[in-house]
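Secondary and tertiary structure notes
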Amino acid sequence: MSLVNLTEAFKYAENTGGAIGAFNVSSWEMIAAIAIASEEAEFPVVIQAQWPFLKHAGPLRVAQYVSDITKGAKIPTVLQLDHSKNWEPVMECLRAGFTSVMIDASHLPFAENIKVVAEVVKVAHAMGVTVESELGKVAGREDDVVVNEADATFTDPDEAATFIQKTGIDALAVSVGTVHGAYKGEPLLDFERLGKINDKVNIPLVLHGASGVPENALQRAIGLGVLKVNFSTDLKDAWILSMKKAVSTPGFEPLDCVKMSQDQIRQVVNSKIDILRKAFKEELNAN
Ligand SMILES: [Zn+2]
């Protein structure tokens with residue numbers, strides 16, 4: 001199957017059961033590993049990148065590579081730009097053939113945020129591309145996205161409903177206690193808030209910063225409307241650890257490094273997919 005947008009992938013996942021994992025990449029091998037894991041698990045994924053990697057690798061080359069390696073696959077794949085604060089990355093990715101983009105104008109006042117996001121939605125939808133956006137600010141650091149703890153704000157349920165209605169976005173990233181990067185202690189998610197948001201909105205919700213969030217918390221979040229779960233730090237950690245291991249092995253070859261790291265990423269992605277689809281199935285059984 002070729003590349004699809006988020007809405008089509010959600011439909012596929014809903015039919016077979018499960019929330020979709022979105023995995024951030026910072027190398028070509030990471031992209032390959034995620035595509036392999038998706039085929040193995042027979043479950044769709046979102047291959048996702050922030051602008052620093054895309055600027056380095058080239059959005060068009062990334063889109064062509066993902067399109068090539070997913071050609072003939074049984075499972076659909078989404079290629080998404082993650083956290084773009086402005087137009088340039090969005091336009092480059094739309095032109096390159098990405099099937100989904102995230103515009104994050106949450107640093108702007110509410111009215112301006114709506115205006116920018118609504119414009120992106122208009123252009124993206126005309127090209128069949130879905131749009132994710134964020135309301136509230138998830139704390140932490142992820143590539144060039146940095147939000148201090150003091151500046152982090154949780155998503156307001158009423159604002160979320162207005163935001164969706166005025167912008168026409170396809171998925172809403174919520175700030176309910178997860179962080180970008182490593183957790184200092186046990187992640188505490190505000191499930192009450194998530195439930196209220198879910199009651200007020202009618203589009204899938206997205207949980208960012210899910211690395212390190214325990215399985216049961218992810219499970220609960222999925223039961224409260226989360227259909228896309230973003231992982232980045234766990235992949236980066238696996239990549240760095242396996243690189244270190246390979247380099248410290250006597251007589252190592254660069255190709256061994258690449259293979260080991262790719263295999264580690266594949267395993268991490270497989271384990272996350274397992275959790276996400278299991279959570280959904282348990283939720284179904286409970287009802
Ligand atoms: Zn994020």
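A short tour of the structure in this document, coming up. (Residues numbered from 1 in each chain as written. Predicted model: local features only at pLDDT ≥ 70, side-chain atom pairs only at ≥ 80, totals over all residues. Heavy atoms only, no water.)

The next point concerns the overall build of the protein chain. Each helix and strand counted, the protein chain has eleven helices and eleven strands in total. For a compact globule of 287 residues, the expected C-alpha radius of gyration is about 19 Å, and the protein chain comes in at 18 Å, within 12% of that figure. Its C-alpha atoms put the protein chain at 60 × 40 × 40 Å along the principal axes. Taken over 287 residues, the protein chain has a buried fraction of 54%. Across the protein chain, the fraction of contacts at a sequence separation of at least 24, relative to all contacts at a separation of at least 6, is 71%. (Helix = DSSP H or I, 4+ residues; strand = E, 2+ residues; numbered from the N terminus. Rg over C-alpha atoms; globule rule 2.2 N^0.38 Å. Buried < 20%, exposed > 50% of the residue type's maximum accessible area, 1.4 Å probe, protein only. Contact = heavy atoms within 4.5 Å.)

Quick look at the coordination of the zinc ion now. Taken together, the protein ligands of the zinc ion are His83 (NE2), His180 (NE2) and His208 (ND1), with distances of 2.0 to 2.1 Å. Within one chain, the residues serving as donors to the zinc ion are arranged as H-x96-H-x27-H. In this pair, histidine 180 sits in strand E9 (residues 179–180) while histidine 208 sits in the loop between strand E10 (205–207) and helix H9 (215–223), placing the two residues 28 residues apart along the sequence. An identical accessibility class is assigned to histidine 180 and histidine 208; each is buried. (Donors = N, O, S within 2.8 Å, 3.2 Å for Na, K, Ca; no water.)

This brings us to H9. Those residues of H9 that fall on the buried side of the exposure criterion are Ala217, Leu218, Gln219, Ala221 and Ile222. Trailing H9 by a residue or two, glycine 225 shows a phi angle of about 100°, which is positive.

Among the structural elements, threonine 130 can be located in strand E5 (residues 130–135). Given the relative accessible area of 2%, threonine 130 is considered buried. Within the structure, the side chain of threonine 130 is placed 2.9 Å from the side chain of serine 100, a separation counted as a polar contact. Among residues more than four places away in sequence, those in contact with threonine 130 are Asn5, Leu6, Thr7, Thr99, Ser100, Val101 and Asp170. (Polar contact = N/O pair within 3.5 Å; in protein donor to acceptor, adjacent residues only side chain to side chain.)

On to the sheet that holds strand E3 (residues 77–84), then. In spatial order, the strands read E1-E2-E3-E4-E5-E8-E10-E11; together these eight strands close into a barrel with parallel pairing. Across the sheet, the axes of successive neighbouring strands diverge by a mean angle of 25°, strand direction being ignored. Pairing of E3 with strand E4 (residues 100–103) involves three bridges; the strand directions are parallel. Each bridged residue has a counterpart across the sheet, and for leucine 81 the counterpart in E4 is valine 101. Across the sheet, helix H2 (residues 28–41) lies against strand E1 (20–24) and strand E2 (45–49), angled at about 170° from E2, the strand it touches most. The sheet contacts of helix H8 (residues 191–200) involve strand E8 (171–174), E10 and strand E11 (226–231), and relative to E10 the element is tilted by about 155°. (Pairing = 2+ DSSP bridges. Axes fitted to C-alpha atoms, helices over the stretch in contact; angles between N-to-C directions.)

Following both chains from N to C, one finds H2 and helix H4 (residues 59–70) inclined at 30°, their axes separated by 10 Å at the closest point. In terms of orientation, H2 lies roughly parallel with respect to H4. The handedness of the crossing between H2 and H4 comes out as right-handed. Along its contact with H2, which presents Trp28, Ile31, Ala32 and Ala35, the element H4 presents Arg61, Val62, Tyr65, Val66 and Ile69. Split by residue class, the contact of H2 with H4 holds eight nonpolar, no polar and one charged. (Parallel < 35°, antiparallel > 145°, perpendicular 65-115°, else oblique. Left-handed = near helix turned anticlockwise from the far one by under 90°. Nonpolar A, V, L, I, M, F, W, Y, C, P; charged D, E, K, R; others polar.)

Turning to the packing of helix H5 (residues 87–96) against helix H6 (residues 110–126), a few remarks are in order. Look at H5 against H6: their axes get within 11 Å of each other, and the N-to-C directions meet at 10°. Considering the angle they form, H5 stands roughly parallel to H6. Facing H5, whose interface residues are Trp87, Val90, Met91 and Leu94, H6 presents Val116, Glu119, Val120, Val123 and Ala124. Here the residues of the contact of H5 with H6 are counted per class, giving eight nonpolar, no polar and one charged.

A few words on the packing of aromatic side chains. Taken as a whole, this structure holds four aromatic pairs when the rule is applied. Each ring, one from phenylalanine 23 and one from phenylalanine 231, has its centre 5.6 Å from the other, and the planes form 15°; the classification is stacked. With phenylalanine 23 in strand E1 and phenylalanine 231 in strand E11, the pair connects residues that are 208 residues apart, well separated along the chain. The same class applies to phenylalanine 23 as to phenylalanine 231, namely buried. An aromatic cluster is built from Trp28, Phe53 and Tyr65, whose rings are joined through pairwise contacts. Lying over the aromatic face of phenylalanine 191, arginine 220 brings its terminal NZ or CZ to 4.0 Å of the ring centre. (Phe/Tyr/Trp six-rings, centres within 6.5 Å; stacked < 30°, edge-to-face > 60°. Lys NZ or Arg CZ within 6 Å of the ring centre and 35° of its normal.)

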